[in-house]
Amino acid sequence: MTDDRQKKSDTESDPSPDSAQQEARGMQSRSAPRERIKADAKRVSAEAGRVSRETGRKLGNFDYRRPRGPVKADLEETHGHYPHDTHPILVPGIAIDEQRRKYSLDKIIFAIAGGLTVAFVIWGISSPASVATVAQTAYDWATLNVGWLFNLVAIIILVSLLILAFSPYGKIPLGKDGETSEFSTFSWVAMLFAAGIGIGVLFFGPSEPLTYFISPPPLTNDPETTEALHGAMAQTYFHWGFHAWAMYALVGGAIAYAAYRRGRSLLLSSIFQTLFGKRQTEGFAGKLVDIFAIVATLFGTAAALGIAAMQIGTGVSIVADAGPMTNNMLVIIILVLTVGFIISAVSGVSRGIRYLSSINIVLTVGIVALVLFLGPTLYLLNLLPSAFMEYLGSMFDMMGRSLSWGAETQEFQSLWTVYYWAWWISWSPFVGTFIARISRGRSIRQFILGTIFIPSTLLFVAYGIMGGTSIWMYRSGASGFTDSMAAPEVFFTLIDNLPYVEWLPFVAIIVLAIFFITSADSASVVMGMLASRGDQEPKKWVVVFWGLVMSGIAVVMLLLGDASALEGLQQLVIVTAVPFALVMLFIIVAWFKELRTDPLALRRQYALNAVDNAVVAGADAYGDDFALQVVPTEPGDGANGGIDSEHEDYTDWYQRTDENGEPVGFDYETGEWADGWMPEDESSDIEDSATSEESTDTEESADTEESTDTEAAAASTTDADSGAASATESDPAADSESDRREDRS
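Residues numbered from 1 in each chain as written. Predicted model: local features only at pLDDT ≥ 70, side-chain atom pairs only at ≥ 80, totals over all residues. Heavy atoms only, no water.

**Quick word on helix α5 (residues 128–145)**
An α-helical turn contains 3.6 residues, so a residue and the one three or four places further along point in the same direction.
Thought 1: Under the 1.5 Å per step criterion, the end-to-end length of α5 is 25 Å for 18 residues, consistent within 8% with the ideal 26 Å.
Thought 2: Among the residues of α5, those classed as buried are Val131, Ala135, Tyr139, Ala142 and Thr143. Seen end-on, α5 carries its buried residues on one side only, within an arc spanning 85 degrees. Exposed and facing more than 90 degrees away from the buried side of α5 are Ala129, Thr133, Thr137 and Trp141.
Thought 3: Buried residues in α5 make contact with α4 (107–126), α6 (147–166), α17 (407–415), α22 (540–559) and α23 (567–595). (Helix = DSSP H or I, 4+ residues; strand = E, 2+ residues; numbered from the N terminus. Expected span 1.5 Å × (residues − 1). Buried < 20%, exposed > 50% of the residue type's maximum accessible area, 1.4 Å probe, protein only. Arc of directions from axis to C-beta. Contact = heavy atoms within 4.5 Å.)

Written out as structure tokens, the structure reads:
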């Protein structure tokens, strides 16, 4: 038995020559497919690189016309004609500054929006008691019956935009194909930060978290506990964070897309052209949307101006020791600041005001930095990340609070959450238009994610510092802090407890005053645009008119309550924002519908259809050994996959028109108009060039009279120029190009 086992062992350890050869052949047969796969992969990679380079060269000289060659006639027989003989997937986009458009005051919008708001101001000043009664009744009804709508709008907007950002539509640019961003990423981020820095940091930053710490939202935490501290910061972040900036991103992104991708005016109504149709957008429905936008902006911005006036009044009372602040003091402050706004609007110093606005941002950041370094620094550095994580962890819980949680929760929601959602909705036409104008050339994904997360993150830091410091001082028994102090007093009490900054209240008052003037100026320009058919430079008297109305509304809002209360501001903001909350939902539908017909989206759909069809047909006919090639197909069997590319949804938007709305020929490849029209900047460049040439000719003539050598040189130069011109004129390629341009127009 032992010998047998030994023989078997020897046999296994010393295989025969035949078995060794068989094993070698097996290894070769197994390695052969791998070698072939590697070789095929290298060959396919090389071929793909060659095709990619050829495709790149072709795309670099994109021909925007219908296909040429023997298939063109067949296509025209079966498909008819596209605008400007250009297929919709080949349109590179249209910018607003490439359109021929007449701007003028829309008398209907101006009369209705202006008349209603002026009448309200007159009514509020002459009979504030009756306005207060009506406002309270409307506020009670809106918060009880429509509070759920504001919560729903805030949630739907945030979720919809995140879906849009991460969808294939996120790659679509807010501009023409290949257009680069107008501002660098750093500048863009800085301007987004500027849009988020305002009166809120100095007013609500220290006061709102302290309010939630002393009186937490119902059914949450016990007052003045560690849990209440983190819950207060989370609640503040909830109101000023992602949901708020999603509303701005929705309006700003939709406006930027309509203006810089579709070539429409910077109007809210321009967003709805695909949803309402061009006739209704330029008619009743579009005017109604713009009127709602003006009214919402008026009351939303007036609330901010009223808050700024309250804060300034408190500062003046403290600095000048003028006693308690009264409504009369607030009215005087608003009148003085309104005069400053009018001077900036009519005297041409608005550029200086913009510089002051930039300085204002630096001063605001400086104030926050002083609070960080002169206050409880270590405490704040520990609080900031904890508060942010508490916000993320409790976000869904805060989103779900409503009337179903009881009367106390409903009252809290009305005073705070619903008020904030209404305020952001009211501010969205103003802030959204600003963000749209600085975001040209960025992709939708870049725009949405940047607009939602960058300003929110920066505000989390600022509000964490200001709110954390006020709570720390309150818990430490700092001088002036009580559980019943008015909101405008919190900031000045906070800086009064910091060392070495006795001068800071004066700086804060200046910052607040500049904010009032710049906000009134910017918001009035936006409302002037809405009332002037999208004119980016509305007439000065129109801008001043809206500024005066805005200040008047701020006065009325403050007269509805006492000098340190927010009730009047909150009531009117919520009531006037209800119609525009519905408009926000329609904006989502309109923007998504329009993106479905975007040239880039159509190209992607055509590509998917073409590849799917080719792979199935190739595998069916040739198995593994096939490649893709672009060839004509029977109508309906091609890459369009059933898409009617001649439908008006795909073609009407890029039909170019003149100033009177009449169709006119246009060449998308060269940018030339069939009637010879040129933009003002190009025509001025040509005039400057002609003037320069005339000046050069005059100098050459003078030199010629003085020197025959110069004359000969000039003659030889002229001869050379003539020869070059002749060569160019006789160039067959140029003749062919000229024929093609005539054919396109």
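Once the structure has been displayed, the description carries forward.
**With respect to empty space enclosed by the protein**
Thought 1: Under the definition given, this model contains two cavities of 30 Å³ or more.
Thought 2: Within this model, the second largest cavity holds a volume of roughly 30 Å³.
Thought 3: The wall of the second largest cavity is formed by Asn151, Ala154, Ile155, Phe238, His243, Met399 and Trp421.
Thought 4: Here the lining of the second largest cavity takes three residues from α6, the largest share from any one element.
Thought 5: Taken together, the residues of the lining of the second largest cavity sort by class into five nonpolar, two polar and no charged. (1 Å grid on protein atoms, 1.4 Å probe; cavity = no way out; pocket = protein on both sides within 12 Å on 5 of 7 lines; lining within 4 Å. Points joined across faces, edges and corners; volume = space filled by probe spheres on them. Nonpolar A, V, L, I, M, F, W, Y, C, P; charged D, E, K, R; others polar.)

**Considering the side chain of Asn609**
Thought 1: As for its placement among the helices and strands, Asn609 is situated in helix α24 (residues 599–622).
Thought 2: For Asn609, a relative accessible area of 16% corresponds to the buried category.
Thought 3: In this structure, Asn609 is in contact with Ala639, Asn640 and Gly641, ignoring residues within four places of it in sequence.

**What about the confidence of the model for the protein chain?**
Thought 1: Summing up the model confidence of the protein chain, the mean pLDDT is 80 and the portion of residues at 70 or higher is 78%.
Thought 2: Here helix α27 (residues 708–729) stands out as the element of the protein chain with the lowest mean pLDDT, 36, in contrast to helix α9 (residues 226–240), whose mean of 96 is the highest.
Thought 3: Low pLDDT, under 50, characterises residues 1–15; the stretch is placed with zero contacts to residues that sit more than four places away or in other chains.
Thought 4: Scored below 50 in pLDDT, residues 55–80 makes 39 contacts in the model with residues more than four places away or belonging to other chains. (pLDDT = per-residue confidence, 0-100.)

**A short note on the pattern of salt bridges**
Here the idea is simple: oppositely charged side chains can pair when their charged atoms come close.
Thought 1: Under the counting rule described, the total for this entry stands at 13 salt bridges.
Thought 2: The salt bridge partner of Lys176 is Glu98, with a shortest N-O separation of 2.8 Å. In this pair, Lys176 sits in the loop between α6 and α7 (185–196) while Glu98 sits in the loop between α3 (70–79) and α4, placing the two residues 78 residues apart along the sequence.
Thought 3: Measuring nitrogen to oxygen at the nearest pair gives 2.8 Å for the salt bridge that ties Asp177 to Arg261. (Salt bridge = Lys/Arg side-chain N within 4 Å of Asp/Glu carboxyl O.)

**Overview of the packing of helix α14 (residues 327–346) against α22**
What describes two packed helices is the angle between their axes and the distance between those same axes.
Thought 1: Running from N to C, α14 and α22 point in directions that differ by 170 degrees, and their axes come no closer than 10 Å. The angle between α14 and α22 falls in the class roughly antiparallel. On α22, the residues touching Asn327, Leu330, Val331, Ile334, Thr338, Phe341, Ile342, Ala345 and Val346 of α14 are Lys540, Val543, Val544, Gly547, Leu548, Ser551, Ala554, Val555, Leu558 and Leu559.
Thought 2: Of the residues in the contact of α14 with α22, the class split is 14 nonpolar, four polar and one charged. (Axes fitted to C-alpha atoms, helices over the stretch in contact; angles between N-to-C directions. Parallel < 35°, antiparallel > 145°, perpendicular 65-115°, else oblique.)

**A closer look at helix α16 (residues 377–399)**
Thought 1: Counted at 1.5 Å a residue, the expected span for α16 with its 23 residues is 33 Å, and the 31 Å between its end C-alpha atoms agrees.
Thought 2: Taking the largest bend as the criterion, α16 deviates by roughly 45 degrees, centred on Gly393.
Thought 3: By the burial criterion, the buried members of α16 are Leu380, Leu383, Leu384, Ala387, Tyr391, Ser394, Met395, Met398 and Met399. (Bend = angle between axes of the 7 residues up to and from the residue.)

**A short note on the environment of Ala627**
Thought 1: Among the secondary structure elements, Ala627 is positioned in the loop between α24 and α25 (648–651).
Thought 2: Judged by its relative accessible area of 71%, Ala627 is exposed.
Thought 3: Sequence spacing of Ala627 and Val615 is twelve residues, and the spatial spacing of their C-alpha atoms is 8.5 Å.

**Quick notes on the packing of helix α13 (residues 284–320) against α14**
Thought 1: Across the interface, α13 lies against α14 with an axial gap of 9 Å and an inter-helix angle of 110 degrees. Between α13 and α14, the angle is such that the two are roughly perpendicular. α13 and α14 meet at a crossing whose hand is right-handed. Only Met329, Leu330, Ile333, Ile334 and Leu337 of α14 make contact with α13, whose side of the interface consists of Ala309, Met310, Ile312, Gly313 and Ser317.
Thought 2: Taken together, the residues of the contact of α13 with α14 sort by class into eight nonpolar, two polar and no charged. (Left-handed = near helix turned anticlockwise from the far one by under 90°.)

**Considering the nonpolar core**
Thought 1: With 181 residues, the main nonpolar core has Phe150, Leu161, Leu268, Tyr420, Trp423, Met584 and Ile587 as its most contacted residues.
Thought 2: With 17 residues, the single largest contributor to this core is α13.
Thought 3: If you look at the next biggest cluster of nonpolar residues, it comprises nine residues, including Tyr82, Val91, Ile94 and Tyr654. (Core = buried A, V, L, I, M, F, W, Y, C linked by side-chain atoms within 4.5 Å.)

**Description of unusual backbone geometry**
Thought 1: Not every positive phi belongs to a glycine, and His84 is a case in point at roughly 60 degrees.
Thought 2: The exposure class of His84 is buried, given its relative accessible area of 9%.
Thought 3: The backbone phi angle of Arg533 is positive, close to 60 degrees, even though this residue is not glycine.
Thought 4: Secondary-structure assignment places Arg533 in the loop between α21 (504–531) and α22.

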